[in-house]
Amino acid sequence: VEPKDGIVDITAQQGKTEFFDGIQTNTYGYNGSFLGPVIRVNKGDTVTFRTKNQLSEPTTFHWHGVDIPGEGDGGPHQILEPGESEDVKFTVNQGASTLWFHPHPEGATAEQVYKGLAGLIYVEDENSKSLGLPDEYGVNDFPLIFQDKQFNEGKQFDYQAVRNEDGTIGDTMLVNGTLNPNLTVGKEKVRLRLLNGSNARKYTFKLNTGDTFLQIATDGGFLNEPTEMSEITLTPGERAEIIVDFSEYDASSNVALVNEAGSILLPFKIDVQKTNSIEIPRTLNDYVVTEEEKNLPVTKKLELFGMGEMVYINDKQFDMNRIDFTQKQGETEIWEIYNKPDAMGGMTHPFHIHGTQFKIVSIDGKEPPVELQGWKDTVAIEPDQTVKLAVKFNNKGIYMFHCHVLEHEENGMMGQVEVI
Ligand code: C2O
Ligand code: CU
Ligand code: CU
């Protein structure tokens, strides 16, 4: 959807979804019964998200990856009670990217996302419009939201029954809310916008053929150059855009996106009638970590620690009434985040900051791999790893930072930074 007179209606609602033939599963969705729309906005536009809560419980509307004033960010402070609505007006202030939105009420984020509340925001800009990349929605440019779910015998989501303190993992894959999905693509170059919208599971995406693909974007924008990859790993909350060249395959080709174990996530059907001759440009962006940024001293140190209910940032658990850090609007600071292992070894924590796109300056003192040299809002931090981020907020307000394993976030692995 695109804004009409600058306004986009977004309603959180209950519904029923037929994942299994003839069976209705109770779900949540935005403007529909499961998941939500793709909202398309342009850099420089002033838009109003007209949010409405038609659920029977409180929710919030959080714009993940969006450079937005704190009061509109939709963190746990900005609760909408059932029946309430609110206009969130802001000017799109960032480059072309694939962002998303989901609820963030304290204590119910994980469950509400699990039940289906998640949608996408595409930002376009002059650059993205001039690059000539595949950009026909549903033709050669597809969003792909990966989520794992657990259905009970009645084919319902019983989140409380399957909830795991270290992140709820399901045995059933949904892609864009579809069970046993497949995607028909042309015999051509196709753009796939991948979102790991799962509560906790991480995915390593590959092609079953062993062929490579091009990564063109990270969470918050294009890489400088298309990067040839044989696999890509996304932890919860992370996105990537890739170009898969299907022109070498034909109708009988057995080609699919698979996970690290080789299990099929999404098989493709090739429509050989459909072709294009799109050339992927060699230069996509002008992202740079400056010498100045590399030389800035560390001014914020965070230590991630723990598992299950005992998860901490700097030995503390989330408190709505405590501001953990302050930072000045428009000033770049270096955040150093260390994932401290425990006796069991520890876990990977996808670390996310609201209201900004940051740069990864280093991982364990080294330059990040080329596929992480781009704007990010969520970064996977392995046990015993230290990651330095250059973080700047363009707006004021209170923003969350947290582990994007949603059950960890719920268990208190979250803090607040106030931008002044
Ligand atoms: Cu996806 Cu607190 O966010
Ligand atoms: Cu967020
Ligand atoms: Cu975590």
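For clarity, every value in this text was computed on a predicted model and none was experimentally measured.

Reading the values: rules and limits
- Residues numbered from 1 in each chain as written.
- Chains lettered and ligands numbered in written order.
- Predicted model: local features only at pLDDT ≥ 70, side-chain atom pairs only at ≥ 80, totals over all residues.
- Domains from an automatic or database assignment.
- Contact = placed C-beta atoms within 7 Å.
- Helix = DSSP H or I, 4+ residues; strand = E, 2+ residues; numbered from the N terminus.
- Buried ≥ 20, exposed ≤ 12 C-beta atoms within 10 Å, placed from the backbone.
- Pairing = 2+ DSSP bridges.
- Axes fitted to C-alpha atoms, helices over the stretch in contact; angles between N-to-C directions.

(A) The domain arrangement of the protein, seen in detail. The domains assigned to the protein are domain 1 (7-125), domain 2 (141-271) and domain 3 (291-419). Taking the mean C-alpha position of each, domain 2 and domain 3 sit 26 Å from one another. Residue-level contacts link 23 residues of domain 2 with 24 residues of domain 3. Secondary structure elements with two or more residues in the side of domain 2 that touches domain 3: strand 15 (213-218) and strand 16 (221-229).

(B) Representation of the pairing of strand 25 (residues 349-353). Within strand 25, five of the five residues are buried, leaving the element largely enclosed by the surrounding structure. A two-sided burial pattern is seen for strand 25, the buried positions comprising His 349, Phe 351 and Ile 353 on one face and Pro 350 and His 352 on the other. Summarising the sheet, strand 25 and strand 27 (residues 378-381) pair through four bridges and their orientation is antiparallel. When the sheet's bridge partners are listed, Pro 350 is paired in strand 27 with Ala 380. Here three bridges tie strand 25 to strand 29 (residues 397-403), and the two strands are oriented antiparallel to one another.

(C) View of the sheet that holds strand 3 (residues 38-42). On the basis of which strands lie adjacent, the open sheet formed by four strands has the order 3-8-7-5 and mixed pairing. The sheet is open, and its two edges are formed by strand 3 and strand 5 (62-64), each paired on a single side. On average, each strand axis in the sheet is tilted by 25 degrees relative to the strand beside it, whichever way the strands run. Note: strand 3 against strand 8 (residues 119-124), five bridges, orientation parallel. Bridge pairing links Ile 39 to Ile 121 in strand 8.

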